[in-house]
Amino acid sequence: MIGHEGEFGIHADTWVPLHARIEGWVESVALADHARRYARTTTTVTGEAVETLQLEGFEPVLEVAGRADSWWRGADSLVAVYRGEAECMSAPQCRTATVYSGLDEWGLKGLGA
């Protein structure tokens, strides 16, 4: 759904903005496609493990305009953190994060790294 201020989000029992604007969602989808193509390793964690990810040294990917869902950029990796669906459904076990590792310079080229 699109919120009153142009946010992109989901609504079931609760409205949860995933991205501050529609373009952020589009950027997130494009980034996921790029990361899947070029990462040497992909790791997915769920539930409470999402909160234990060490993101020190990573910077947010501002283009995705993340609210409940966000992306983080490291030296040779990208991390997608999805909390929106879990929040919307009051189901913390549905939190998910995907770590895309082994992105060489070319894999991150054009992504500001």
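Quick look at the structure, then. (Residues numbered from 1 in each chain as written. Predicted model: local features only at pLDDT ≥ 70, side-chain atom pairs only at ≥ 80, totals over all residues. Heavy atoms only, no water.)

**Considerations on the pairing of strand S7 (residues 96-101)**
Line of reasoning, step 1. Sheet analysis places strand S3 (residues 41-46) next to S7, joined by 6 bridges and oriented antiparallel. Bridged to Thr-46 within S7 is Thr-96.
Line of reasoning, step 2. Sheet topology places strand S6 (residues 78-82) next to S7; 5 bridges connect them, and they run antiparallel. Considered in S7, the bridge of Ala-80 is made with Thr-98. (Pairing = 2+ DSSP bridges. Helix = DSSP H or I, 4+ residues; strand = E, 2+ residues; numbered from the N terminus.)

**A closer look at the side chain of Ser-70**
Line of reasoning, step 1. Mapped onto the elements, Ser-70 comes out in strand S5 (residues 69-73).
Line of reasoning, step 2. Within the structure, Ser-70 has its side chain in polar contact with the side chain of Trp-72 (distance 3.2 Å).
Line of reasoning, step 3. Setting aside residues no more than four positions away along its own chain, Ser-70 makes contact with Val-79, Ala-80 and Val-81. (Polar contact = N/O pair within 3.5 Å; in protein donor to acceptor, adjacent residues only side chain to side chain. Contact = heavy atoms within 4.5 Å.)

**Section: the layout of surface pockets**
Line of reasoning, step 1. As a volume, the largest pocket reaches approximately 180 Å³.
Line of reasoning, step 2. For the lining of the largest pocket, the secondary-structure elements that each account for two or more residues are strand S1 (8-11), strand S2 (15-19), helix H1 (22-38) and helix H2 (84-88).
Line of reasoning, step 3. Looking at which element gives the most residues to the lining of the largest pocket, the answer is H1, with 3 residues.
Line of reasoning, step 4. Of the residues that constitute the lining of the largest pocket, the class distribution is 7 nonpolar, 3 polar and 3 charged. (1 Å grid on protein atoms, 1.4 Å probe; cavity = no way out; pocket = protein on both sides within 12 Å on 5 of 7 lines; lining within 4 Å. Points joined across faces, edges and corners; volume = space filled by probe spheres on them. Nonpolar A, V, L, I, M, F, W, Y, C, P; charged D, E, K, R; others polar.)

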